[in-house]
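Letter by letter, the chains look like this.
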Protein chains: 2
Amino acid sequence: MPKFAQRIYDMESSAKIIRALFGAMDSPNIISLGGGAPASDALPVEAVHDICTDVITRNKRGVEALQYGSVLGVSDLRKNVADILLKPKGLEAELDEIIIVNGGLETMNLLCQVYINPGDVILVESPTFVHCVEIFEMFQARCVGVECDDCGMILEDVEKKIQKLHPKLVYIIPTFQNPTGKTFPLERRKKLAEIGSKYDVIILEDDPYQELRYSGEPLPPIKCFDKTGHTVYANSFSKIFSPGSRLGFCHASHDIITKLFDAKTATNSHTSTFAQVVCAEFFNRGLFSSQLKKLCEIHRERRDVMMNCFAKYMPDGTKWVHPDGGLFSWVELPGGIDTAALLPEANAAGIHYIAGSSFYVQGGNMGSNAMRVSFGNVTPEKIDIAVQQLASLVKNKL
Amino acid sequence: MPKFAQRIYDMESSAKIIRALFGAMDSPNIISLGGGAPASDALPVEAVHDICTDVITRNKRGVEALQYGSVLGVSDLRKNVADILLKPKGLEAELDEIIIVNGGLETMNLLCQVYINPGDVILVESPTFVHCVEIFEMFQARCVGVECDDCGMILEDVEKKIQKLHPKLVYIIPTFQNPTGKTFPLERRKKLAEIGSKYDVIILEDDPYQELRYSGEPLPPIKCFDKTGHTVYANSFSKIFSPGSRLGFCHASHDIITKLFDAKTATNSHTSTFAQVVCAEFFNRGLFSSQLKKLCEIHRERRDVMMNCFAKYMPDGTKWVHPDGGLFSWVELPGGIDTAALLPEANAAGIHYIAGSSFYVQGGNMGSNAMRVSFGNVTPEKIDIAVQQLASLVKNKL
């Protein structure tokens, strides 16, 4: 058989992690803290049922939903993005500065199509979201980790690495970060936008958890402080509407959107109009605010249960992040316990998590005592069982 | 701003054609023979309405449809692909030899991710589907046209060019080809599969029009004659179910599907489960055969009307393809009329088509007197008006 393209070899290590991640989703006998899904109980099934029953008819939006659509996306969905998801955050966007994509991650793929040549450097957080590393490595980018503290990227290290490595992109999840749950503070947001402009580097701001805040005060996106068009704002409908619809959006300058249009046509023409029409109607009917309230209530409870279980069950010396929102916490174990080595035992005991080392691009020993845990799609009862079980495994190793 | 990636410059000429193609779709005052959509009147709006009303509930498939899904796709949709779309064509496929993708074109994108390095050669038909050329050029492939006759690719030229250029892929639409409407005959199908095996070249068989046959006898796919796994079979639900759902599938050897899995996760994780569940139910309920009958009836009438109008209105010396199915015919004008030069006048007269030169990768004068016309989403009355108008424009130039 013909040899695969070079990118297939270059992406192998991150692809292996992603395969394992998807594999664990399918195991019904495991309580998985490893996924990134929002609560199934909170999905707007009834709303989608009612919307389909009402508008998927020949006299309303049935033909629009089932026929080919426009590359940038369904107009009223883009208008809802501008009015309901961007404007309240201080972002004023024209409709031709928004493209609807097939799930939040597709923005990362398309932006790489537009900007990344093999060998280009992308700066990422340490740790960072491994699924995006897979995307970047498929484009044969060289991912370099930036030093992070309890608030995320340390900007002195960003500047130092920009000067030394001349990256094309800086990739950041500033709010309730994946995998750590940490949030990047206001002053650093301003400064990072300025760094993008000053050094002519694209700041790729991936913000899918922003709306899911359970405590603390909302912060403006980095994009709010972008005066030169260097910040690209990526977001998703997966956490606030439905992952299975595979809808996301990107807000960027018109020049960048024009090129994303070309990359999108050469990837899959356009995003499902069927899913877009239903999602647009969800916003048109004013259902978003009550849905968001429900989502936050359910996930806040799960976060609180997980935090309480950590305090109650985990051995002394364990550290964890108390996230103000999103779906993740980051746990560091005491006594040099290797979470990757512990994982088969945890799986055998019916628990799954993602080993911390998976989220570091520099390899070595980084994150070897850490794990990403999600409370998103696990009931409070199961969170209690899982943390108790995990604590017992860890204590046995100490 | 940072410089775009090299691929953006390499794809510029085909991207320009695709932009124009999508632009013309939006003009309500033009009768467009330029698109590739099936009849809006034939879309299964009522079936989708009833399916959603029935299964998008918490007790049935609502949570499955709205939550994250598996990378390869919803199981019962893949089973329907195997049983209803592949088996009757003589193709026996295991479920792990099928991946559901986001519209038929996404297979071309993902297969390029898996196989194409910059500079790799892809052999294509002359003329070929320009949208796929855009995809191939985004991957910086060098597209080379194979000589074609009234039945499609001339195999002596395929072999000659394989020996000389060592391509990675041969891209072919064997049935009711886009743009010409021509069909590749049985003997050449067998031979092309053998050529793929003999020279270790992937045959990428793109077959989205296969089901839409209005006359003549069905032919087995090239993939039926593949003994070594070199043929990759790409198909779409756009023409037989709904374009707006953005669903397609790829059937290939398990080894290739394993790599397509990685490329898919690094593109957009998976295809909309919402759209997949609804499409799976459409097949589960046995609605496909009556829908296909309806589709063929509507499109057969439109084809016949277009053929009759050509005979009735077009000036002597005009040649056109009488397709046995699909959505397209290919018209060659007499008197050296340049169809690209004629297009602004045609648009001003309220008619749109795609100039033939758009579909040739070698440039030069090829196809300059030809045009692609679609009867798919144009009512018989409008086909009559459009061809009459077009004939009058052409006669004025003679």
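What counts as what
- Within any chain, residue numbers begin from 1 and follow the written order of that chain's sequence.
- Chain letters and ligand numbers both follow the written order, the letters beginning at A and the numbers at 1.
- Reporting in this predicted model follows two pLDDT cut-offs: at least 70 for local features of residues, and 80 or more for side-chain atom pairs to be given and counted; totals over whole chains, interfaces and linings ignore these cut-offs and use all residues.
- Just so you know, side-chain values use all the structure's heavy atoms and leave hydrogens and water out.
- Residue contacts are defined here by distance: any two heavy atoms, one from each residue, within 4.5 Å place the two residues in contact.
- Using a 1.4 Å probe, buried area is obtained as the accessible area two parts lose upon being combined, added over both of them.
- Here, a salt bridge means any side-chain nitrogen of Lys or Arg that lies within 4 Å of a carboxyl oxygen of Asp or Glu.
- For the purposes of these results, a polar contact is taken to be a pair of N or O atoms within 3.5 Å, where, inside protein, one atom must be able to donate a hydrogen and its partner to accept one; residues adjacent in sequence count only when each atom of the pair is a side-chain atom.
- Under the DSSP-based scheme used, a helix requires at least four consecutive residues in state H or I and a strand at least two consecutive residues in state E, with every element numbered from the N terminus.
- Whether a set of points on the 1 Å grid over the protein atoms alone is a cavity depends on a 1.4 Å probe fitting there but being unable to get out, while an open set qualifies as a pocket with protein on both sides within 12 Å along at least five of seven lines; lining residues are those with an atom within 4 Å of a point.
- Grid points are joined across faces, edges and corners, and a volume is the space filled by probe spheres set on the points.
- Side-chain classes are defined by residue name, with Ala, Val, Leu, Ile, Met, Phe, Trp, Tyr, Cys and Pro counting as nonpolar, Asp, Glu, Lys and Arg as charged, and the others, Gly among them, as polar.
- In this scheme, strands are said to pair when DSSP sees at least two bridges between them.
- C-alpha atoms of residues with pLDDT of at least 70 in both copies form the basis for the least-squares superposition of the copies.
- Angles here are taken between N-to-C directions and fall from 0 to 180 degrees, while the axes themselves are lines fitted to C-alpha atoms, restricted in helices to the stretch in contact.
- Put simply, angles under 35 degrees are roughly parallel, angles over 145 are roughly antiparallel, angles from 65 to 115 are roughly perpendicular, and the rest are oblique.
- What makes a crossing left-handed is the near helix being turned counterclockwise from the far one by less than a right angle; a clockwise turn instead makes it right-handed.
- Joining through side-chain atoms within 4.5 Å is the link that ties buried Ala, Val, Leu, Ile, Met, Phe, Trp, Tyr and Cys residues into a set, and such a set is a nonpolar core.
- The classification of residues rests on relative accessible area computed with a 1.4 Å probe and restricted to protein chains. Under 20% of the type maximum is buried, over 50% is exposed, and intermediate values are partly exposed.
- Ring geometry is summarised as follows: Phe, Tyr and Trp rings, the Trp one being its six-membered ring, pair when their centres sit within 6.5 Å, and such pairs are stacked at plane angles under 30 degrees, edge-to-face over 60 and tilted between the two.
- Here, the term disulfide refers to a pair of cysteine sulfur atoms separated by no more than 2.5 Å.

Participant: Got a minute to help me understand the interface of chain B and chain A in this structure?
Facilitator: The parts lose accessible area when they come together, and the size of an interface is often stated as this lost area. With 87 residues of chain B at the interface, the matching set in chain A holds 88 residues. Taking both sides of the interface into account, the surface hidden between chain B and chain A amounts to around 7300 Å²; carbon and sulfur atoms contribute 59%. Contact with chain A buries area across many residues of chain B, yet B:R58, B:L66 and B:Y68 alone supply 10% of it, more than any other trio. Across the salt bridge formed by B:E12 and A:K259, the nearest N and O atoms sit 3.8 Å from each other. Taken together, chain B and chain A are joined by 55 residue pairs in polar contact (both at pLDDT 80 or more). When residues of the side of chain B that touches chain A are traced back to their parent elements, those giving at least two are α1 (6–10), α2 (12–25), α3 (45–55), α4 (62–66), α6 (105–115), α7 (130–138), α10 (254–265) and α11 (273–284) of chain B.

Participant: Whenever I open this one, empty space enclosed by the protein confuses me. Can you help?
Facilitator: Unoccupied space between atoms shows up once a probe the size of one water molecule is rolled over them. Under the criterion given, the structure shown has four cavities of 30 Å³ or more. Of the pockets and cavities examined, the largest cavity occupies roughly 90 Å³. Across the lining of the largest cavity, the residue classes tally to six nonpolar, four polar and two charged.

Participant: When you look at the sheet that holds strand β11 (residues 319–320) of chain A in this model, what are you seeing that I'm missing?
Facilitator: Residue and element names in this part refer to chain A. Read from one edge of the open sheet, four strands run β11-β12-β15-β14, paired in antiparallel fashion. At either margin of the open sheet sits one strand with a lone partner, and together these are β11 and β14 (354–355). Relative to strand β15 (residues 370–374), β14 runs antiparallel, the two sharing two bridges. Note that in β15 the partner of A355 across the bridge is M371.

Participant: Any chance you could explain the relation of the copies chain B and chain A here in plain terms?
Facilitator: Related by rotation about an axis and a shift along that axis, the two copies of the chain form a pair. Of the transformation placing chain B onto chain A, the axial shift is 0.0 Å and the rotation is 180°, giving an RMSD of 0.0 Å. Such a combination of turn and shift is consistent with a two-fold rotation axis. The C-alpha atom lying nearest the rotation axis in chain B is that of B:T53; the distance is 2.7 Å. Looking at chain B, 100% of its interface residues are interface residues in chain A too, so the copies touch through the same face.

Participant: Just checking my understanding: could you explain the sheet that holds strand β8 (residues 202–206) of chain A for this structure?
Facilitator: Strands pair in a sheet through their backbones, by hydrogen bonds, and they do so in one of two ways: parallel or antiparallel. Residue and element names in this part refer to chain A. Read across the sheet, seven strands follow the order β2-β10-β9-β8-β7-β3-β4 without closing on themselves; strand pairing throughout is mixed. Every interior strand has two partners, whereas the edge strands, β2 (98–101) and β4 (142–146), have only one. Across the sheet, the mean angle from the axis of one strand to that of its neighbour is 20°, orientation sign disregarded. As defined by bridge partners, β8 adjoins strand β9 (residues 231–236) across four bridges and the pair is classed as parallel. Across the sheet, residue D206 finds its bridge partner in β9, namely A234.

Participant: Please clarify how the packing of helix α12 (residues 288–313) of chain B against helix α14 (residues 380–397) of chain B should be interpreted in this entry.
Facilitator: Packed helices, taken two at a time, are described by the angle their axes make and the gap between the axes. All names here are of chain B. Interhelical geometry of α12 versus α14 gives an angle of 25° and a closest axis separation of 9 Å. In terms of their interaxial angle, α12 and α14 are classed as roughly parallel. The chirality of how α12 crosses α14 is right-handed. Residue-level contacts link E301, R302, V305, M306, C309, F310, K312 and Y313 of α12 to P380, I383, D384, V387, Q388, A391 and K395 of α14. A breakdown of the residues in the contact of α12 with α14 according to their chemical character gives nine nonpolar, one polar and five charged.

Participant: Would you explain the packing of helix α8 (residues 155–165) of chain B against helix α9 (residues 186–199) of chain B in this entry?
Facilitator: Residue and element names in this part refer to chain B. Orientation of α8 relative to α9, taken along the N-to-C sense of each, is 10°, at an axis distance of 11 Å. Classified by the angle their axes make, α8 and α9 are roughly parallel. Along its contact with α8, which presents L155, V158, E159, I162 and Q163, the element α9 presents R188, K191, L192, I195, K198 and Y199. Class assignment for the residues of the contact of α8 with α9 results in six nonpolar, one polar and four charged.

Participant: I would appreciate a short explanation of the nonpolar core in the present structure.
Facilitator: Grouped burial of nonpolar side chains is what soluble globular proteins tend to show. Ranked by internal contacts, the top residues of the largest apolar core, which has 254 residues, are A:F136, A:F237, B:F136 and B:F237. Setting aside its immediate chain neighbours within four residues, A:F237 contacts A:L77, A:V81, A:L85, A:S242, A:L247, A:G248, A:F249, A:C279 and A:F283.

Participant: For this particular structure, what's the right way to read the packing of aromatic side chains?
Facilitator: Within a pair of aromatic rings, the relevant descriptors are the distance that separates the centres and the angle that separates the planes. All names here are of chain B. Overall, the coordinates contain 27 aromatic pairs over all chains when judged by the stated rule. Relative to F359, the ring of W330 has its centre 5.9 Å away and its plane inclined at 75°; by these criteria the two rings are edge-to-face. Of this pair, W330 sits in strand β12 (residues 328–332) while F359 sits in the loop between β14 (354–355) and β15 (370–374), and the two are 29 residues apart along the sequence. On the basis of relative accessibility, which here comes to 4%, the residue W330 falls in the buried class. With relative accessibility at 1%, the residue F359 sits in the buried group.

Participant: When you look at the pattern of salt bridges in this model, what are you seeing that I'm missing?
Facilitator: When the charged atoms of two side chains lie near each other, side chains of opposite charge can form a pair. Residue and element names in this part refer to chain A. For the structure shown, the criterion picks out 51 salt bridges over all chains. Residue K168 pairs with D120 through a salt bridge whose shortest N-O separation is 3.1 Å. With K168 in the loop between α8 (155–165) and β7 (169–172) and D120 in the loop between α6 (105–115) and β3 (121–125), this pair connects stretches of sequence that are 48 residues apart. Residue classification places K168 among the buried residues on the basis of a relative accessible area of 12%. D120 gets classed as buried once you look at its relative accessible area, which sits at 16%.

Participant: Explain α3(B) to me, please; I cannot follow it from the model alone.
Facilitator: Since the α-helix packs 3.6 residues into each turn, any two residues three or four apart lie on the same face. Along α3(B), the positions that sit buried rather than exposed are B:V45, B:A47, B:V48, B:H49, B:I51, B:C52 and B:V55. Contact partners of the buried residues in α3(B): α3 (45–55), α4 (62–66) and α11 (273–284) of chain A together with α4 and α11 of chain B.

Participant: Would you mind going over α8(A) with me for this structure?
Facilitator: When we look at burial in α8(A), the residues that qualify are A:L155, A:D157, A:V158, A:E159, A:K161 and A:I162. Considering only its buried residues, α8(A) is in contact with β3, β4, β6 (152–153) and α9 (186–199) of chain A.

Participant: Looking at this structure, how should I read the state of the cysteines?
Facilitator: Note: disulfide means a covalent bond formed between the sulfur atoms of two cysteine side chains. Applying the stated criterion across every chain, the model contains zero disulfides over all chains. For the unlinked cysteine B:C52, the closest cysteine sulfur is that of A:C52, found at 3.7 Å. Overall, the relative accessible area of 0% leaves B:C52 in the buried class.

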